[in-house]
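Coordinate analysis (summary)
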Amino acid sequence: MSGDEIPAEVRSATRPALLRRLVTGVLGVAVLVAMVAFLPRIAGTTWPAVGDLVRGIAPAALLGLGGLWFTTVLAHSVVQTGALPGLGYRRAVALNAGSSAVASSVPVGGPVSVAVNWAMLRSWGFGRSDFSTYTLVTTIVMTAARLAVPLVTAVVLIGAGGLPSVAGPIVTVSAVALVVLGGAMGVLGAPAVRRRLAASAHPGLLGRVARGVDAALEESRAVLVDRWLTLSAAAAVQLVLQYALLVGCLAITGAGVGLTVALVAFAAGRLLSVLPVTPGGLGVTETGVGALLVALGAPAAAAVAAVLLYGLYMVVLEIPIGAGVLAWWRIAARRRRQPSAA
């Protein structure tokens, strides 16, 4: 892909900040390695104890959890096709796998995964406006859904008899983040604000970026208004399935915690996953959720084994699968170009 083939809004989001993102990414990987290495010690257990638990898990149970994980991918494909009609479920799964593999495996995975999304969508005949709308809509929907999980958890737990004190900060941070996200969407989504920003921008590159962002925001707003029910329902189903996956991981490792404790841990994990500290949120999420589970009464070794197994399905498994998908896509794209070149 040449620079002229990448939308201006993508170039503006990646090139000027590439060095900063690279440094941040390298630091993030360092944090990831440190957190995973010291996770058992933080939780109050040892790697041999965790390893003994993992080795005792039946392969059939692992395969069953793998099938459950794949249902979360299928649920997300509904969000993707809702954000970009005409994408199709097969391509949506491929797009998710390819971009997730990049985002989870390289220090500057976020910007690179955006470029991968653009390259794949462009090869399938989608334009710049389609790409921009898809990126904005899926980001907004999934970020809002993850931030809403602690609030839903609070409602469920209060109805069931009470909210644990440890869940209070989680709910507070989530509520504040949702208010900030909603306020930003409201301001940027206002037609008058967008027109003023576009009109006041520099007539050169900045002006083109501003006009591109204005158009993308307008198209994204229309998609969100028209398809909010489908997008919200699909995101909710995806999160419920991810919660079921966590419950399954806790069950097969013998953590012995109830559904409410698992729900609090899941809410904390979804909130931590929004923080772009390490690739895929790996390490930060496992450390936080593992420590929380231990604080709520789970055996330390079982809690660590469960969160690592959950991270394996949610993040690590995407890397080899996504790498295979990207290889398939490049071969298919090359074959499509060969007849026209001949």
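Residues numbered from 1 in each chain as written. Predicted model: local features only at pLDDT ≥ 70, side-chain atom pairs only at ≥ 80, totals over all residues. Heavy atoms only, no water.

**Topic: the pattern of salt bridges**
- By the definition in use, this model includes 2 salt bridges.
- With its nearest N and O atoms 2.4 Å apart, the salt bridge here joins Arg55 to Asp52. You can see Arg55 and its partner Asp52 sitting in helix α3 (residues 47-55), 3 residues apart, about one turn around the helix.
- Glu218 is paired through a salt bridge with Arg221; the nearest N and O atoms lie 3.1 Å apart. Taken together, the positions of Glu218 and Arg221, both in helix α10 (residues 205-252) and 3 residues apart, correspond to about one turn of that helix. (Salt bridge = Lys/Arg side-chain N within 4 Å of Asp/Glu carboxyl O. Helix = DSSP H or I, 4+ residues; strand = E, 2+ residues; numbered from the N terminus.)

**Concerning the confidence of the model for the chain**
- When pLDDT is averaged across the chain, the result is 82; 77% of the residues are at 70 or more.
- For the chain, the element scoring lowest by mean pLDDT is helix α1 (residues 8-14), at 48; helix α4 (residues 59-83) scores highest, at 96. (pLDDT = per-residue confidence, 0-100.)

**Description of helix α5 (residues 89-105)**
- Across its 17 residues, α5 extends 24 Å between first and last C-alpha, which sits within 8% of the 24 Å expected from 1.5 Å per residue.
- The element α5 is largely enclosed, with a buried count of 12 among its 17 residues. (Expected span 1.5 Å × (residues − 1). Buried < 20%, exposed > 50% of the residue type's maximum accessible area, 1.4 Å probe, protein only.)

**Here's the deal with the packing of helix α11 (residues 259-273) against helix α12 (residues 284-295)**
- Where α11 meets α12, the closest approach of the two axes is 9 Å, and the angle between their N-to-C directions is 155 degrees. With respect to α12, the element α11 is oriented roughly antiparallel. The handedness of the crossing between α11 and α12 is right-handed. Where α11 abuts α12, its residues Val261, Val264, Ala265, Ala268, Gly269, Leu272 and Ser273 lie against Val284, Thr285, Gly288, Val289, Leu292 and Leu293.
- Residue composition of the contact of α11 with α12, by class: 9 nonpolar, 4 polar and no charged. (Axes fitted to C-alpha atoms, helices over the stretch in contact; angles between N-to-C directions. Parallel < 35°, antiparallel > 145°, perpendicular 65-115°, else oblique. Left-handed = near helix turned anticlockwise from the far one by under 90°. Contact = heavy atoms within 4.5 Å. Nonpolar A, V, L, I, M, F, W, Y, C, P; charged D, E, K, R; others polar.)

**A short note on α11**
- Helix length check: α11 (15 residues) gives 20 Å between terminal C-alpha atoms against 21 Å at 1.5 Å per residue, within 8%.
- Counting buried positions over the 15 residues of α11 gives 12, a clear majority of the element.

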